[in-house]
Amino acid sequence: MNRGRGWTAAGYVAMVLVSLVIAVPLFWILITSFKERQDIYVRPAQWWPDPATKENYVDVTTRIAFWSYLRNSVIITVATATAKIVLGVLSAYALALLRFPGRTIVFFVVIAALMVPNQITVISNYALVSQLGWKNTYQGIIIPLAGVAFGTFLMRNQFLSLPGEIIEAARLDGTGPMKLLWRIVMPMSWPTLVAFSLITVVIEWNEYLWPFLMADDERVAPLPVGLTLLQNNEGLTNWGPVMAGTILAMLPILVLFLFLQRQMIKGLTAGAVKS
């Protein structure tokens with residue numbers, strides 16, 4: 001009994017420590033975004049802005065084309081995430097519930113793609129996109145990012161965990177492949193789909209390296225690329241606007257996560273407990 005309570009207490013302590021490691025930097029970013037420039041570098045550090053100012057937020061929206069970068073982030077994230085979700089669901093459905101020659105080989109290729117870091121393919125992708133004349137265009141950023149290895153793997157495992165009796169009963173009733181997917185399979189896989197969608201949106205929203213290489217100006221560059229223009233490479237960086245821009249970039253994803261967190265947790269834990 002005492003040993004069990006000890007492990008429970010240790011678990012709570014570990015949870016608190018992990019929460020602090022995550023929360024303290026976020027809190028520091030938030031309070032720094034409301035500090036005046038001279039207060040950012042004082043020693044000892046101020047843990048509360050005194051006085052608080054909104055000038056950093058005004059600065060971040062005037063020094064750079066903030067709203068253009070935000071628009072580009074929304075366009076790129078929505079287009080890329082939509083492509084990944086649709087392709088991931090369709091490819092996972094084919095690998096899990098359809099029968100065709102070479103299915104196992106295709107799945108091994110997907111697994112192999114998961115093991116290859118995206119940075120390895122940057123040079124070849126850059127050369128190809130430049131030859132196609134897609135540099136500094138939306139399609140040049142979106143299409144190379146539309147790979148779906150993770151989504152295919154995640155959704156395939158979810159589809160394989162569904163009750164086979166229901167799938168077979170639907171097939172015996174004459175349900176076609178696409179109707180089976182949208183009427184039977186997808187409603188039972190909704191939590192996992194939400195988790196996959198949210199993870200995909202977060203990854204695409206924070207994507208930096210490839211858009212940085214492809215975009216030349218605010219016409220197509222997303223917000224993470226635009227925020228780098230707030231840094232001063234010739235002298236001391238004014239961290240107030242940088243932190244304010246970071247907060248503004250985090251808000252859309254934070255709101256989305258708070259709205260979908262319950263479904264995401266269900267999706268990530270699906271299959272962990274079997275009846």
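Attention in this report is confined to the structure presented alongside it.

Calculation notes
Residues numbered from 1 in each chain as written. Predicted model: local features only at pLDDT ≥ 70, side-chain atom pairs only at ≥ 80, totals over all residues. Heavy atoms only, no water. Helix = DSSP H or I, 4+ residues; strand = E, 2+ residues; numbered from the N terminus. Buried < 20%, exposed > 50% of the residue type's maximum accessible area, 1.4 Å probe, protein only. Polar contact = N/O pair within 3.5 Å; in protein donor to acceptor, adjacent residues only side chain to side chain. Contact = heavy atoms within 4.5 Å. Phe/Tyr/Trp six-rings, centres within 6.5 Å; stacked < 30°, edge-to-face > 60°. Lys NZ or Arg CZ within 6 Å of the ring centre and 35° of its normal. 1 Å grid on protein atoms, 1.4 Å probe; cavity = no way out; pocket = protein on both sides within 12 Å on 5 of 7 lines; lining within 4 Å. Points joined across faces, edges and corners; volume = space filled by probe spheres on them. Nonpolar A, V, L, I, M, F, W, Y, C, P; charged D, E, K, R; others polar.

### Details of the side chain of Asn 56
- Topologically, Asn 56 is positioned in helix α3 (residues 55-63).
- Take Asn 56: its relative accessible area is 7%, and that puts it in the buried class.
- Within the local environment of Asn 56, its side chain forms a polar contact with the backbone oxygen of Ser 33, the two atoms lying 2.8 Å apart.
- When near neighbours in sequence (up to four residues on either side) are disregarded, Asn 56 contacts Thr 32, Ser 33, Phe 34, Lys 35, Gly 240, Pro 241 and Ala 244.

### Notes on the packing of aromatic side chains
- Enumeration according to the criterion identifies 9 aromatic pairs in this entry.
- Look at Tyr 93 and Phe 159: their rings are 6.5 Å apart centre to centre, the planes differ by 85 degrees, and that puts the pair in the edge-to-face class. Residue Tyr 93 is located in helix α4 (residues 66-97), and its partner Phe 159 is located in helix α8 (residues 149-160); the two are separated by 66 residues in the primary sequence. Summarising the burial analysis for this pair, Tyr 93 and Phe 159 share the class buried.
- Measuring from ring centre to ring centre gives 6.5 Å for Phe 107 and Phe 108, while their planes differ by 40 degrees; the resulting arrangement is tilted.
- By relative accessible area, Phe 107 is classed as buried at 13%.
- Ring pairing ties together the aromatic residues Phe 107, Phe 108 and Phe 153, which thus form one cluster.
- Cation over ring: Arg 156 sits above Phe 107, and NZ or CZ is 3.7 Å from the ring centre.

### Some thoughts on the layout of surface pockets
- Estimates place the volume of the largest pocket at around 830 Å³.
- Going through the elements one at a time, α5 (103-114), α6 (122-131), α8, α11 (190-205) and α12 (209-214) are the ones with two or more residues in the lining of the largest pocket.
- Here the residues of the lining of the largest pocket are counted per class, giving 20 nonpolar, 7 polar and 3 charged.
- Taken as a whole, the second largest pocket encloses approximately 300 Å³ of empty space.
- For the lining of the second largest pocket, the secondary-structure elements that each account for two or more residues are α11, α13 (223-227) and α14 (239-268).
- No other element matches α14, which puts 6 residues into the lining of the second largest pocket.
- By residue class, the composition of the lining of the second largest pocket is 11 nonpolar, 2 polar and no charged.

### Digging into empty space enclosed by the protein
- In this structure the tally under the stated criterion is 1 cavity of 30 Å³ or more.
- Reported here for the largest cavity is a volume of approximately 40 Å³.
- For the largest cavity, the full set of lining residues is Ser 73, Ile 76, Thr 77, Leu 145, Glu 204, Trp 205, Glu 207, Pro 211 and Pro 222.
- When residues of the lining of the largest cavity are traced back to their parent elements, those giving at least two are α4 and α11.
- Tallying contributions element by element places α4 first for the lining of the largest cavity, with 3 residues.
- Residue composition of the lining of the largest cavity, grouped by class: 5 nonpolar, 2 polar and 2 charged.

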